[in-house]
Amino acid sequence: MTADLFESLGATGPAREKLAEGALLLRGFARPQQHELIAAIDAITAQAPFRHLVTPGGYRMSVAITNCGDVGWVSDASGYRYDAIDPESGKPWPAMPPPFRALAEQAAAEAGFPGFAPDACLINRYEPGARLSLHQDRDERNLGAPIVSVSLGLPATFLFGGLKRSDPTRRYRLEHGDVVVWGGPERLAFHGVAPLADGEHGLLGRKRINLTFRRAR
Ligand code: MD6
Ligand code: FE
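All values derive from a computational prediction rather than experimental measurement.

Draft legend 1. Spatial organisation of the nonpolar core. Residues F100, V148, V150, L211 and F213 are the most contacted members of the largest nonpolar core, which totals 30 residues. Where this core is concerned, the elements lending two or more residues are strand 2 (23-26), helix 2 (34-47), strand 3 (64-69), helix 3 (98-110), strand 6 (120-126), strand 8 (147-153), strand 11 (179-182) and strand 13 (208-214). The residues contacting F213, other than those within four sequence positions of it, are M96, F100, A104, F116, P118, A120, C121, P146, I147, V148 and V150.

What follows is the structure in structure tokens.
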């Protein structure tokens, strides 16, 4: 109990950290649900396995992805979009598990966005060396809703920039159980993830999993 309490405060900073006007880091917020979340991820990926997408520019992404919810984020030669059907299986994406939805809603409310009702959850898997180059999340129809991002497994360095690609970036270490809620003025800020350092996580082994909850439609 005491150990958990100290762990939730984190070795790297205070329990809450404001990254920008509309972006709040809640350290350890998802830890109490870690086992439930990992079991749900296993169930989802049994139906909709992780895959490496190809960008419209023809590059294979180093991050492997899958989705759950009413719609999933997909990428192919025609561009990026949300689609109700998993193109690999031809079937709808697995439903969003109730504990996922509850966590996203609670984290958003905690950060000042009550009533968040995500309809999409993108699940990213990073293995050592995998990275996500600077991008904006702008394929959602509803840019008024926040994004809730949950980090599990190995720690990562999150890069957070400005509204222009060329703006300087700051770096934040995201650890197992950390949640970032992101909305408002910085909703279209450029961001990315530095190449994942190798390591071994007690529950997830040599990987990091990130869940990002969105209101896409
Ligand atoms: C990741 N996250 O942490 C990638 N996007 O693996 C994102 O790209 C992201 O964490 C928008 C808002 C929060 C995020
Ligand atoms: Fe993103």
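Draft legend 2. Spotlight on the coordination of the iron ion (ligand 2). For the iron ion (ligand 2), every protein donor is listed as H135 (NE2), D137 (OD) and H191 (NE2), and the spread of their distances is 2.1 to 2.3 Å. Mapped onto the sequence, the residues coordinating the iron ion (ligand 2) show the spacing H-x1-D-x53-H. With a gap of 56 residues between them, H135 in strand 7 (residues 132-135) and H191 in strand 12 (residues 191-193) connect regions that are remote in the sequence. Assessed through its relative accessible area of 21%, H135 is described here as partly exposed.

Draft legend 3. Region of interest: the packing of helix 2 against helix 3. Their axes nearest at 9 Å, the elements helix 2 and helix 3 cross at an angle of 130 degrees. Classified by the interaxial angle, the pair formed by helix 2 and helix 3 is oblique. Judged by the sense of rotation from one axis to the other, the crossing of helix 2 with helix 3 is left-handed. Contacts between helix 2 and helix 3 pair E36, L37, A40, I41 and I44 from the former with P99, F100 and L103 from the latter.

Draft legend 4. Spatial organisation of the site of ligand 1. Taken together, 14 residues form the shell around ligand 1, and within it Y126, D137, S149, H191 and R208 come nearest. Between ligand 1 and H191, the relevant distance is 2.7 Å, taken from a nitrogen atom to a side-chain nitrogen or oxygen of the residue. Interatomic distance of 2.8 Å between a side-chain N/O atom of R208 and an oxygen atom of ligand 1. Secondary-structure elements contributing two or more residues to the shell around ligand 1 are strand 6, strand 7, strand 8, strand 12 and strand 13. For the shell around ligand 1, the element with the most residues is strand 13, which contributes three residues. Per-class residue counts for the shell around ligand 1 are six nonpolar, six polar and two charged.

Criteria and cut-off values
Residues numbered from 1 in each chain as written. Chains lettered and ligands numbered in written order. Predicted model: local features only at pLDDT ≥ 70, side-chain atom pairs only at ≥ 80, totals over all residues. Heavy atoms only, no water. Core = buried A, V, L, I, M, F, W, Y, C linked by side-chain atoms within 4.5 Å. Buried < 20%, exposed > 50% of the residue type's maximum accessible area, 1.4 Å probe, protein only. Helix = DSSP H or I, 4+ residues; strand = E, 2+ residues; numbered from the N terminus. Contact = heavy atoms within 4.5 Å. Donors = N, O, S within 2.8 Å, 3.2 Å for Na, K, Ca; no water. Axes fitted to C-alpha atoms, helices over the stretch in contact; angles between N-to-C directions. Parallel < 35°, antiparallel > 145°, perpendicular 65-115°, else oblique. Left-handed = near helix turned anticlockwise from the far one by under 90°. Near = heavy atom within 4 Å. Polar contact = N/O pair within 3.5 Å; in protein donor to acceptor, adjacent residues only side chain to side chain. Nonpolar A, V, L, I, M, F, W, Y, C, P; charged D, E, K, R; others polar.

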